[in-house]
Amino acid sequence: QVQVMESGGGLVQAGGSRRLSCAAPGSILGMTAMDWYRQAPGKQRELVASLSYGDTTNYADSVKGRFTIFRDNAKNTVYLQMNNLKPEDTAVYYCHVQSIFQGEFWGQGTQVTVSS
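(A) Highlighting the sheet that holds strand β8 (residues 77-82). One open sheet accounts for four strands, arranged β1-β3-β8-β7; its pairing is antiparallel. Each edge of the sheet is formed by a strand with only one pairing partner; in this case those strands are β1 (5-7) and β7 (67-72). Strand-to-strand twist in this sheet, taken as the mean axis angle between neighbours without regard to direction, amounts to 15°. Relative to β8, β7 runs antiparallel, the two being bridged by six bridges. Bridge pairing in β8 links R71 to V78.

See below:
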């Protein structure tokens, strides 16, 4: 079974930084985008940042200027650099990979907790 694996979550103080990683296996072909979503308790899952294979990026308004999404093509890995974290960034962060041949894949999520 194809799995997308996130890592990098944890506890961080407000104002701090954290980098999340998401490795997609080489068996996923024709990737068109790699995205980060998050879901806070009691809230719907929301798109945080997306990166297309044409290198187009999009960010939620709430994270613009603080978060950066980037990719290492050689490692099939996408990163989410999170700076100046706020308590409202606390959520489970999910990696999402889109493939024109195989549909979409979700990771199991990694918890990020920002303490005030």
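(B) Quick peek at the pairing of strand β9 (residues 91-99). Burial of β9 is extensive: seven of the nine residues sit out of reach of the surface. In this structure, strand β4 (residues 31-39) lies alongside β9, joined through eight bridges in antiparallel fashion. Along β9, the bridge assignment pairs Q39 with V92. Here β9 pairs with strand β11 (residues 110-115) via three bridges, running antiparallel. Bridge pairing in β11 links A91 to V112. Inspection of the sheet shows β9 paired to strand β10 (residues 103-106) by four bridges, in the antiparallel sense. For S99, the partnering residue across the bridge sits in β10 and is G103. What sits between β9 and β10 in their antiparallel hairpin is a turn of three residues.

So, how was this worked out
- Residues numbered from 1 in each chain as written.
- Predicted model: local features only at pLDDT ≥ 70, side-chain atom pairs only at ≥ 80, totals over all residues.
- Heavy atoms only, no water.
- Pairing = 2+ DSSP bridges.
- Helix = DSSP H or I, 4+ residues; strand = E, 2+ residues; numbered from the N terminus.
- Axes fitted to C-alpha atoms, helices over the stretch in contact; angles between N-to-C directions.
- Buried < 20%, exposed > 50% of the residue type's maximum accessible area, 1.4 Å probe, protein only.

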